[in-house]
Amino acid sequence: MNYQEKENHISESNRKKQVKKAAIASVVGTSIEWYDFFLYGTMAALVFPQLFFPESSSYIGTLQAFTTLFVGFLARPIGAMIFGNYGDKIGRKATLVITLLLMGVSTTIIGLLPTYESMGVFASVLLVLLRFIQGIGVGGEWGGSVVLAIEWSSKKRRGLMGSMTQIGVPIGLLVSSAVVSLCIFLTGDNFVTWGWRIPFLISILLVIVALYIRLGIEESPQFTKMKKENRVAKQPVLEVIKRHPKEIILAALSRLSDQVPFYIFTTFIISYGVDHVNLDKQFLTNAVMLVSIAYLVFVPLSAHLSDKVGRKKMYLIGCMMSILFAIPYFYLFNTGLTALVILAIAISGIGPGIVYGPQAALIAENFPIHLRYSGASIAYQLASIIGGGVAPIISLYLLHQYGSAIPIGIYIMACCAISLLAVAKLKDGSGQNLQEGVDNSTENVTA
């Protein structure tokens, strides 16, 4: 073996090692970030109305709690712009370390926060502020994690590698739901007084583990090469908004088909089940974990298949499943029968899971390398405002207005139809080389 062959062998060996590290870091890091994010959503449905908005009626208190939940979604595009800008200028790895710390610290502080009884309205204000910081952290996390993973990957496995970040969502939900359920069981009546704090305080330990793993990854080879060639964009966020507005809007709309069903089936449904179907809150918290299990199966499976048959075909299958099941879901759930409720919850995760698998690669492949972190992040997180963030609030309003869950099912169907139209207009980059090109004008890159 001559020197050049030996060097190529070492380089390929290192690439494979880094691919594994990037995959593990994507799963672990995003799982912990989503654990923090979903934990708040569960508590907003279970205890926050009485702890931080006790003077409101049941409906208004729940609405206020879901509104603070929305604040986190509102902050996510801001986080996407802040950290997308840094991620495209200083690197993916360094930015991901910052977002992880920001999320972990803010979540831990929520666990130490005094309630309305101790501090009055100021406690509610602090809760909203910390939720906003959570949103900024998770807003910068997703894009960096996806971009780092797919830029280390080969073109034949980008869909699957991108789904490593997506898997963090169901794992985060699964772990947060399991921890909350365990705390409810162990603390009993004390859960509302102090037991709810335990899941938030655990976050700091999880962050330390994720930080250790994330620090062991090397920077993306594509970004490293781009930086050496002085092709880094001066103002990535402004440039991607100016040059790729169509891709941002279409990618954001493509996410309605996973965002809206997912947050209705995992967050809104807990308060709906307790208040309107008279189901036990611990049973529902446990049952919702079935959505996570469905995601764990169908997210990587559909992502892998998207590397074979294309991203758009998998999107079509997932959207159609969600459209067909939207109304039957509520008929099954409203029976209140344990077996049928469990069946409804288990099936509800399949359609959105199939959509969510290839989504990371689909979005990232629509942006050039020098704007990829910013473009993918902004597009992905913009959907948080128009999709997942408002879904529980709109669902609560529809239920209050019409006294039936059927309009909520129609709402889900409409969002999935919009996603299908948007995806049809996006480029399907499966099996193709990632865009390496930059704009020719020198004003858009560093000198």
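Look up: the structure comes first, before these words.
The following refers to the structure shown. (Residues numbered from 1 in each chain as written. Predicted model: local features only at pLDDT ≥ 70, side-chain atom pairs only at ≥ 80, totals over all residues. Heavy atoms only, no water.)

Examining the overall build of the protein chain
For step 1, the next point in the chain: Per the secondary structure count, the protein chain includes 19 helices and zero strands.
For step 2, the next point in the chain: In terms of overall dimensions, the protein chain has a C-alpha envelope of 70 × 45 × 45 Å along the principal axes.
For step 3, the next point in the chain: Evaluated residue by residue, the protein chain yields a buried proportion of 57% over its 447 residues.
For step 4, the next point in the chain: For the protein chain, the share of sequence-separated contacts (at least 6 apart) that also reach a separation of at least 24 residues comes to 86%.
For step 5, the next point in the chain: Carbon and sulfur atoms provide 67% of the accessible area of the protein chain, an area that totals close to 17100 Å². (Helix = DSSP H or I, 4+ residues; strand = E, 2+ residues; numbered from the N terminus. Buried < 20%, exposed > 50% of the residue type's maximum accessible area, 1.4 Å probe, protein only. Contact = heavy atoms within 4.5 Å. Areas by Shrake-Rupley, 256 points an atom, 1.4 Å probe, with all protein chains shown as cover.)

Re the side chain of Arg76
For step 1, the next point in the chain: Summarising the element assignment, Arg76 is placed in helix α3 (residues 58-89).
For step 2, the next point in the chain: The buried charged residue Arg76 lacks any salt bridge, with Asp258 as its nearest oppositely charged partner at 7.7 Å.
For step 3, the next point in the chain: Here Gln381 takes part through its side chain, which lies 2.6 Å from a polar atom of the side chain of Arg76.
For step 4, the next point in the chain: If near-sequence neighbours (up to four positions away) are discounted, Arg76 is found in contact with Trp34, Phe37, Gly135, Val138, Gly139, Arg255, Gln259, Tyr263, Tyr380, Gln381 and Ser384. (Lys, Arg positive; Asp, Glu negative; His and termini not counted. Salt bridge = Lys/Arg side-chain N within 4 Å of Asp/Glu carboxyl O. Polar contact = N/O pair within 3.5 Å; in protein donor to acceptor, adjacent residues only side chain to side chain.)

Considering a nonpolar patch on the surface
For step 1, the next point in the chain: Among the surface-exposed residues, Ile78, Met81, Ile82, Tyr86, Ile90 and Ile241 lie close enough to one another that they form a single nonpolar patch of about 480 Å² accessible area.
For step 2, the next point in the chain: For Met81, the location among the structural elements is in helix α3.
For step 3, the next point in the chain: Exposure remark for Met81: the relative accessible area of 33% places this residue in the partly exposed category. (Patch = residues over 30% accessible without salt bridge, like charges linked within 9 Å, V, L, I, M, F, W, Y side chains within 5 Å.)

Some details on helix α13 (residues 281-309)
For step 1, the next point in the chain: Given a rise of 1.5 Å per residue, 29 residues ought to cover 42 Å, and the 41 Å separating the end C-alpha atoms of α13 matches this to within 8%.
For step 2, the next point in the chain: Maximum bend of α13: about 25°, positioned at Tyr295. (Expected span 1.5 Å × (residues − 1). Bend = angle between axes of the 7 residues up to and from the residue.)

Observations concerning the pattern of salt bridges
For step 1, the next point in the chain: All told, the structure shown has eight salt bridges when counted by the stated rule.
For step 2, the next point in the chain: As a salt-bridge pair, Asp307 and Arg311 come within 2.8 Å of each other at their nearest N and O atoms. Like Arg311, Asp307 is buried.
For step 3, the next point in the chain: Through salt bridges with shared partners, a single network forms among Asp88, Arg92, Glu151 and Arg372.

Focus on the environment of Ala376
For step 1, the next point in the chain: Among the structural elements, Ala376 can be located in helix α17 (residues 372-388).
For step 2, the next point in the chain: Between the alpha carbons of Ala376 and Ser154 there is a distance of 19 Å; along the sequence they are 222 residues apart.
For step 3, the next point in the chain: Discounting residues that sit within four places of it in the chain, Ala376 has contacts with Trp142, Ile363, Ala364 and Phe367.

Side note on the packing of helix α4 (residues 92-112) against helix α6 (residues 121-152)
Packed helix pairs are characterised by how far apart their axes lie and by the angle those axes make with each other.
For step 1, the next point in the chain: Closest axis-to-axis distance for the α4/α6 pair is 8 Å, and the angle between their directions is 150°. As summarised for this structure, α4 and α6 are arranged roughly antiparallel, according to the angle between their axes. As for the relative orientation of α4 and α6, their crossing is left-handed in sense.
For step 2, the next point in the chain: Of the residues belonging to the contact of α4 with α6, the class tally is 12 nonpolar, eight polar and three charged. (Axes fitted to C-alpha atoms, helices over the stretch in contact; angles between N-to-C directions. Parallel < 35°, antiparallel > 145°, perpendicular 65-115°, else oblique. Left-handed = near helix turned anticlockwise from the far one by under 90°. Nonpolar A, V, L, I, M, F, W, Y, C, P; charged D, E, K, R; others polar.)

Examining the packing of aromatic side chains
For step 1, the next point in the chain: On inspection of all chains with the given rule, the structure shows 17 aromatic pairs.
For step 2, the next point in the chain: Here the aromatic rings of Phe48 and Phe200 are separated by 6.2 Å at their centres, their planes lie at 20°, and the arrangement is stacked. Note that Phe48 is positioned in helix α2 (residues 48-52) and Phe200 in helix α8 (residues 197-214), a separation of 152 residues in sequence.
For step 3, the next point in the chain: An aromatic cluster is built from Phe265, Phe268, Tyr272, Phe325, Tyr329, Phe330 and Phe333, whose rings are joined through pairwise contacts. (Phe/Tyr/Trp six-rings, centres within 6.5 Å; stacked < 30°, edge-to-face > 60°.)

Quick look at unusual backbone geometry
For step 1, the next point in the chain: The phi angle at Asn230 is positive, at roughly 55°, despite the residue not being glycine.
For step 2, the next point in the chain: Mapped onto the fold, Asn230 is located in the loop between α9 (221-228) and α10 (236-243).
For step 3, the next point in the chain: Located in the positive-phi region is Asn278, a residue other than glycine, with phi close to 60°.
For step 4, the next point in the chain: For Asn278, the position within the fold is in the loop between α12 (256-276) and α13.

In short, shape yes, function no, at least from these values alone.
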